[in-house]
Amino acid sequence: MTTTSRMRAFVALAEAGSVRAAAARLVVTESTVSAAVRALSEEIGVALLERDGRGVRLTPAGRRYADYARRVLGLLDEATVAARGEADPERGHVRLGAVTTAGEHLLPGLLAAFRDRHPAVELGVDVAPSTRVWAMLHHHELDVVVAGRPPAGSPALVRATRENTLAVVGAPGLADGFDPATTTWLLREPGSGVRATLAGLLDDLGVAPRSLTMGSHGATIAAARTGLGATLVSREAVRDLLAQGTLVELALPGTPLARPWHLVTHPDATASTELLVGDVLAGHVPGWDPAASG
């Protein structure tokens, strides 16, 4: 087994949390994963795992190595994608990631417009909370991200932006006497940027109301429609529901908030990725504007 294969087994174990789950993800036996990680540990010369009851957990050295290993593997995959795309960009591969709201409301149109113009480019898509998509870009597991503003210090390059407004919404019955301190707040999944923004708004008001985590963008909106509580959401994502009167906008200090979408790549984007960015900048995907320079 090569060092690269051992690294893939170790990263799978680090992400999955157990040998059994890692083996299932890689479609190999548990003994294969164990042997690969043991050989990798011997090759490096430090323990990467330690016993934790009946299972195992990463040592501090293992956690540090896992972060590097993800980046190394991401770069290897990116190198293959880049080389193939450089030889023939129209037959390359673009790996896209998006936060949940963008994945449901922006990505389908963007992908459809791109596929119409470049039908032979292979596309891969991951939709996940913002913390995960930014981590995947950092580890070179994605070529393009559609999300909010990149984290501070990120080497990511913003290529285009699109207007986006966050507003508080709820069922019409909540409008009379709406009080953020006594309302139940419907929360997105942990790691969501919208969830973090809402938490900040409520902290600024000095209130600690009841909350209910719904686990996804769609479930949160559905819960708001039934009157379970209020939530913070992209106004564009509920435009039709607001027009129908199924949801209404509620007044909360600090809202509505301008939170533009960002289309982000690595500074040294692959040739196939540049095809997608070029389509966006040329106006083939409506709603996007070139990012401000400097």
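Check the entry above for the structure.
Residues numbered from 1 in each chain as written. Predicted model: local features only at pLDDT ≥ 70, side-chain atom pairs only at ≥ 80, totals over all residues. Heavy atoms only, no water.

Undergrad: What should I look at first to understand the overall build of the chain in this one?
TA: The secondary structure content of the chain amounts to 11 helices and 14 strands. Based on the C-alpha atoms only, the size of the chain along its principal axes is roughly 65 × 50 × 35 Å. For the chain, restricting intrachain contacts to residue pairs at least 6 apart in sequence, the fraction spanning at least 24 positions comes to 75%. Total accessible area computed for the chain in this model is approximately 14500 Å², and 52% of it derives from carbon and sulfur atoms. Averaging the positions of the 28 positive and the 31 negative side-chain charges in the chain gives two centres separated by 6 Å. (Helix = DSSP H or I, 4+ residues; strand = E, 2+ residues; numbered from the N terminus. Contact = heavy atoms within 4.5 Å. Areas by Shrake-Rupley, 256 points an atom, 1.4 Å probe, with all protein chains shown as cover. Lys, Arg positive; Asp, Glu negative; His and termini not counted. Charge placed at Lys NZ, Arg CZ, Asp CG, Glu CD.)

Undergrad: What is the right way to look at the sheet that holds strand E3 (residues 93-98) in this model?
TA: Strand-to-strand pairing in sheets goes through backbone hydrogen bonds, with the strands running parallel or antiparallel. If you walk across this open sheet you meet the 6 strands as E4-E3-E5-E13-E6-E14, and the pairing is mixed. Both outer strands of the open sheet, strand E4 (122-127) and strand E14 (289-290), are each paired with one neighbouring strand and no more. The sheet contact formed by E3 and E4 spans 6 bridges and is parallel. From the neighbouring strand, histidine 93 faces E4, where its bridge partner is glutamate 122. (Pairing = 2+ DSSP bridges.)

Undergrad: So what exactly am I meant to see when it comes to the pattern of salt bridges here?
TA: Here the idea is simple: oppositely charged side chains can pair when their charged atoms come close. A full pass over the atoms with the stated rule returns 16 salt bridges. Here aspartate 67 ties to arginine 71 by a salt bridge, and the two come within 2.6 Å at their closest N and O atoms. Of the two residues, aspartate 67 and arginine 71 both sit in helix H4 (residues 60-87), 4 residues apart, roughly one turn of that helix. The exposure class of arginine 71 is partly exposed, given its relative accessible area of 25%. Between arginine 235 and glutamate 249 there is a salt bridge, with the nearest N and O atoms lying 2.9 Å from each other. Of this pair, arginine 235 sits in the loop between strand E10 (231-234) and helix H10 (239-244) while glutamate 249 is found in strand E11 (residues 248-250), placing the two residues 14 residues apart along the sequence. Judged by its relative accessible area of 31%, arginine 235 falls in the partly exposed class. Taking relative accessible area as the criterion, glutamate 249 reaches 36% and is therefore assigned partly exposed. Connected through shared salt-bridge partners, Glu15, Arg25, Arg70 and Glu141 make up one network. (Salt bridge = Lys/Arg side-chain N within 4 Å of Asp/Glu carboxyl O. Buried < 20%, exposed > 50% of the residue type's maximum accessible area, 1.4 Å probe, protein only.)

Undergrad: What am I meant to see in the packing of aromatic side chains here?
TA: The way to describe two aromatic rings as a pair is by their centre distance and the angle between their planes. A full pass over the atoms with the stated rule returns 2 aromatic pairs. Plain terms: the ring middles of phenylalanine 10 and tyrosine 65 are 5.8 Å apart, the flat faces sit at 55° to each other, and that makes the pair tilted. Highlighted residues: phenylalanine 10 in helix H1 (residues 3-16) and tyrosine 65 in helix H4, separated in sequence by 55 residues. Given the relative accessible area of 0%, phenylalanine 10 is considered buried. (Phe/Tyr/Trp six-rings, centres within 6.5 Å; stacked < 30°, edge-to-face > 60°.)

Undergrad: Can you help me understand the pairing of strand E2 (residues 55-58) in this one?
TA: A regular strand carries its side chains on alternate faces of the sheet. The pairing of strand E1 (residues 49-52) with E2 spans 4 bridges and is classified as antiparallel. Counted as the bridge partner of arginine 51 is valine 56 from E2. Following E1, the chain reverses through 2 residues before pairing antiparallel with E2; glycine 53 in that reversal takes a positive phi of roughly 65°.

Undergrad: Please explain the environment of glycine 62 as it appears in this structure.
TA: By the element assignment, glycine 62 lies in helix H4. The buried category is assigned to glycine 62, whose relative accessible area is 0%. Each C-alpha atom, one on glycine 62 and one on leucine 247, is 48 Å from the other, the two residues being 185 residues apart in sequence. For glycine 62, the residues in contact, after removing those within four places along its chain, are Phe10, Ala47 and Leu48.

Undergrad: Just to check I follow, could you spell out the packing of H1 against helix H2 (residues 19-26) for this structure?
TA: A pair of packed helices is captured by two measures, namely the crossing angle of their axes and the spacing between those axes. One can describe the packing of H1 onto H2 by two numbers: an axis separation of 8 Å at closest approach and a directional angle of 120°. Looking at the two axes, H1 sits oblique to H2. Crossing of H1 over H2 shows right-handed handedness. Touching Arg8, Ala9, Ala12, Leu13, Glu15 and Ala16 of H1 are Val19, Ala21, Ala22, Arg25 and Leu26, all from H2. Its residues assigned to classes, the contact of H1 with H2 shows 8 nonpolar, no polar and 3 charged. (Axes fitted to C-alpha atoms, helices over the stretch in contact; angles between N-to-C directions. Parallel < 35°, antiparallel > 145°, perpendicular 65-115°, else oblique. Left-handed = near helix turned anticlockwise from the far one by under 90°. Nonpolar A, V, L, I, M, F, W, Y, C, P; charged D, E, K, R; others polar.)

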